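Take a look at the letters that make up each chain.
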Amino acid sequence: MKIAVLPGDGIGPEIVAQAVKVLDVLKKDGMQIELEAAPIGGAGFDAAGDPLPEATLELARAADAVLLGAVGGPQYDRLPREKRPERGLLRIRKELNLFANLRPALLYPELAAASTLKPEVVSGLDIMIVRELTGDVYFGQPRGIEVRHGERVGFNTMLYAESEVRRVAHVAFGIAMKRGRKLCSVEKANVLECSELWKEVVIEVAQEYPEVELSHMYVDNAAMQLVRNPKQFDVIVTGNIFGDILSDEASMLSGSIGMLPSASLDQNDKGMYEPIHGSAPDIAGRDLANPLATILSVAMMYRYTFADMATADRIENAVKKVIAQGDRTGDIWTEGCRKVSCSRMGDAVVAAM
Ligand code: NAD
Ligand code: IPM
Ligand code: MN
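Cut-offs applied
Residues numbered from 1 in each chain as written. Chains lettered and ligands numbered in written order. Predicted model: local features only at pLDDT ≥ 70, side-chain atom pairs only at ≥ 80, totals over all residues. Heavy atoms only, no water. Helix = DSSP H or I, 4+ residues; strand = E, 2+ residues; numbered from the N terminus. Rg over C-alpha atoms; globule rule 2.2 N^0.38 Å. Buried < 20%, exposed > 50% of the residue type's maximum accessible area, 1.4 Å probe, protein only. Contact = heavy atoms within 4.5 Å. Areas by Shrake-Rupley, 256 points an atom, 1.4 Å probe, with all protein chains shown as cover. Lys, Arg positive; Asp, Glu negative; His and termini not counted. Charge placed at Lys NZ, Arg CZ, Asp CG, Glu CD. Phe/Tyr/Trp six-rings, centres within 6.5 Å; stacked < 30°, edge-to-face > 60°. Lys NZ or Arg CZ within 6 Å of the ring centre and 35° of its normal. Expected span 1.5 Å × (residues − 1). Near = heavy atom within 4 Å. Polar contact = N/O pair within 3.5 Å; in protein donor to acceptor, adjacent residues only side chain to side chain. Nonpolar A, V, L, I, M, F, W, Y, C, P; charged D, E, K, R; others polar. Axes fitted to C-alpha atoms, helices over the stretch in contact; angles between N-to-C directions. Parallel < 35°, antiparallel > 145°, perpendicular 65-115°, else oblique. Left-handed = near helix turned anticlockwise from the far one by under 90°. Domains from an automatic or database assignment. Pairing = 2+ DSSP bridges. Buried area = accessible area lost by both parts, 1.4 Å probe. Salt bridge = Lys/Arg side-chain N within 4 Å of Asp/Glu carboxyl O.

## Digging into the overall build of the chain
Then comes step 1: Scanning the chain from terminus to terminus reveals twelve helices and 14 strands.
Then comes step 2: Here the C-alpha atoms of the chain give a radius of gyration of 20 Å, agreeing with the 20 Å that 2.2 N^0.38 yields for 353 residues.
Then comes step 3: Principal-axis analysis of the C-alpha atoms places the extent of the chain at approximately 60 × 50 × 40 Å.
Then comes step 4: Every one of the 353 residues in the chain was classed for burial, and the buried ones make up 54%.
Then comes step 5: Looking at the chain alone, contacts between residues at least 24 apart form 74% of all its contacts between residues at least 6 apart.
Then comes step 6: A total accessible area of about 15000 Å² is found for the chain, and carbon and sulfur atoms account for 52% of it.
Then comes step 7: Taken together, the 39 basic and 49 acidic charged side chains of the chain have centroids lying 3 Å from each other.

See the structure below:
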């Protein structure tokens, strides 16, 4: 298995280094893994003047899977938009056709106290957000800032082709079939034509999955329901921007954004694996970040791209064990637990494996 490793910016290199420790354990145990690193985001811009250097994209294409840290940083925020780190991330998602982004929000029981919500609201939480990743207002044309009637206007286009909705809906229904068979489609069909079409297409696709109980919810209500009673959800399917926002919200149900991994899949389950959080410039370079979302992303890589459930379970069980024994990075630390650094957390997972 060839894995392209793209650490990126900020805490990216720190958290990816911990995930690489986990991969090294698998390698030592005899698994055929070849890792090759390349710059992306601000690091790509620094190295090659491009947030997605050609060589990085080629490596990612040739690899069986991609492991990514995070991109972005304040020092890049004034670059022209096409040179910014975030654009590199969006481009690699688009180039590799990674349209289905799986973001599981799961609460490890010992972390109930780390959530800002009441333990009884979050205990037992296990929801899967399926976020469409290559369409929507992120990519719709036209977009820009221009002068109209003597003042600047900024505009983007929220756009979905029915084929884009259909394929991500199939992924979401497929996942629901393997879980609790409940799917909630989240949109804003009361206001947006784009959402109206989304909803229609999801209802069409539902004909093929009669065993899945389909519901629909407006995104504003969904944001509220996620903190009121998150356990009402099994699988959520939604567009790119709503999914971006709702998954950050859902991450706090699991204790911290540092706990939420993700898989971004194409039609053939080739994937890029990354934590849902960003480069956390406020804590970067200090060995403080929680690497578990990135390590759990490696578990997802084994589950979804390599179809090696035993290895995925092995990594997830090691994370469970480390949490059960009381090791906590600052973001999930609570009274009575042992505070550990990013690198010590990585070591603890390796030891537990
Ligand atoms: P962020 O997710 O980087 O950080 C939000 C907050 O969560 C910060 O207080 C941060 O310290 C904390 N946090 C995030 N990950 C953590 C971890 N693993 N352990 C402990 N704490 C963690 O979001 P932001 O501050 O809005 O964005 C910072 C930069 O990251 C921006 O340039 C943004 O564009 C970029 N970004 C990148 C990605 C990505 O690469 N996928 C995702 C989101 C944001
Ligand atoms: C994420 C991030 C990205 C997104 C940004 C950095 C482009 O927030 O992966 O959730 O909006 O998709
Ligand atoms: Mn985001």
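Resuming the write-up.
## A word on the packing of aromatic side chains
Then comes step 1: Scanning the model with the defined rule gives three aromatic pairs in all.
Then comes step 2: With 4.9 Å between their ring centres and 80 degrees between their planes, Tyr 302 and Phe 306 make a pair best called edge-to-face.
Then comes step 3: We classify Tyr 302 as buried; its relative accessible area is 2%.
Then comes step 4: Judged by relative accessible area, which is 11%, Phe 306 ranks as buried.
Then comes step 5: Above the plane of the ring of Phe 155 lies Arg 148, whose end atom (NZ or CZ) is 4.6 Å from the centre.
Then comes step 6: Above the face of the Phe 99 ring, Arg 167 is positioned so that its terminal group lies 4.2 Å from the ring centre.

## What about helix α1 (residues 12–28)?
Then comes step 1: End to end, α1 covers 24 Å across 17 residues, agreeing with the expected 24 Å (1.5 Å per residue, within 8%).
Then comes step 2: Every buried residue of α1 is listed here: Gly 12, Glu 14, Ile 15, Val 16, Gln 18, Ala 19, Val 20, Val 22, Leu 23, Val 25 and Leu 26.
Then comes step 3: Buried residues belonging to α1 abut β1 (2–8), β2 (34–37), β3 (65–70), α10 (292–305), α11 (309–324) and α12 (342–352).
Then comes step 4: Phi turns positive one or two residues past the end of α1, at Gly 30, with a value near 105 degrees.

## What about the environment of Gly 150?
Then comes step 1: Structurally, Gly 150 is set in the loop between β6 (144–148) and β7 (151–155).
Then comes step 2: With 22 residues separating them in the primary sequence, Gly 150 and Ala 172 have C-alpha atoms 46 Å apart.

## Quick notes on the site of ligand 1
Then comes step 1: The full set close to ligand 1 counts 21 residues, and Glu 86, Gly 278, Ala 280, Asp 282 and Asn 290 are the nearest of them.
Then comes step 2: One of the backbone N or O atoms of Gly 278 is found 2.7 Å from an oxygen atom in ligand 1.
Then comes step 3: One of the backbone nitrogen or oxygen atoms of Ala 280 is found 2.8 Å away from an oxygen atom of ligand 1.
Then comes step 4: Against a free-state accessible area of 800 Å², the protein chains account for coverage of 70% of ligand 1.
Then comes step 5: For the shell around ligand 1, a count of residues per class yields ten nonpolar, seven polar and four charged.

## Description of the packing of α1 against α10
Then comes step 1: Contact geometry for α1 and α10: axes closest at 8 Å, N-to-C directions at 45 degrees. Between α1 and α10, the angle is such that the two are oblique. The handedness of the crossing between α1 and α10 comes out as right-handed. Side by side, α1 and α10 meet where Ile 15, Val 16, Gln 18, Ala 19, Val 22, Leu 23 and Leu 26 of the first sit next to Thr 294, Ile 295, Val 298 and Tyr 302 of the second.
Then comes step 2: When the residues that make up the contact of α1 with α10 are grouped by side-chain class, the tally is nine nonpolar, two polar and no charged.

## Side note on the site of ligand 2
Then comes step 1: Residues in close proximity to ligand 2 include Glu 86, Leu 90, Arg 93, Arg 103, Arg 131, Tyr 138, Asp 244 and Ile 276, which together make up its full environment.
Then comes step 2: In the environment of ligand 2, an oxygen atom lies 2.5 Å from a nitrogen or oxygen atom belonging to the side chain of Tyr 138.
Then comes step 3: Look at ligand 2: alone it shows 320 Å² of surface, and the protein chains cover 79% of it.
Then comes step 4: Ranked by residue count, the leading element in the shell around ligand 2 is helix α4 (residues 85–95), at three residues.
Then comes step 5: Partitioned by chemical class, the residues of the shell around ligand 2 number three nonpolar, no polar and five charged.
Then comes step 6: Both domains that furnish three or more residues to the shell around ligand 2 are identified here as domain 1 (1–99 + 278–353) and domain 2 (107–265).

## Here we look at the pairing of β1
Then comes step 1: Among the seven residues of β1, six are classified as buried, and the element is accordingly described as predominantly covered.
Then comes step 2: Sheet analysis places β1 next to β3, joined by five bridges and oriented parallel. The partner of Gly 8 across the bridge, within β3, is Ala 70.

## Things to note about the domain arrangement of the chain
Then comes step 1: Along its sequence, the chain is organised into domain 1 (1–99 + 278–353) and domain 2 (107–265).
Then comes step 2: Centre-to-centre separation of domain 1 and domain 2, based on C-alpha positions: 23 Å.
Then comes step 3: On the domain 2 side, the residues contacting the 23 residues of domain 1 number 27 residues.
Then comes step 4: For the pairing of domain 1 and domain 2, the buried interface totals around 2400 Å² over both sides, and the portion due to carbon and sulfur atoms is 66%.
Then comes step 5: Where domain 1 meets domain 2, there are zero salt bridges.
Then comes step 6: On inspection of domain 1 and its partner domain 2, the count reaches nine residue pairs in polar contact (both at pLDDT 80 or more).

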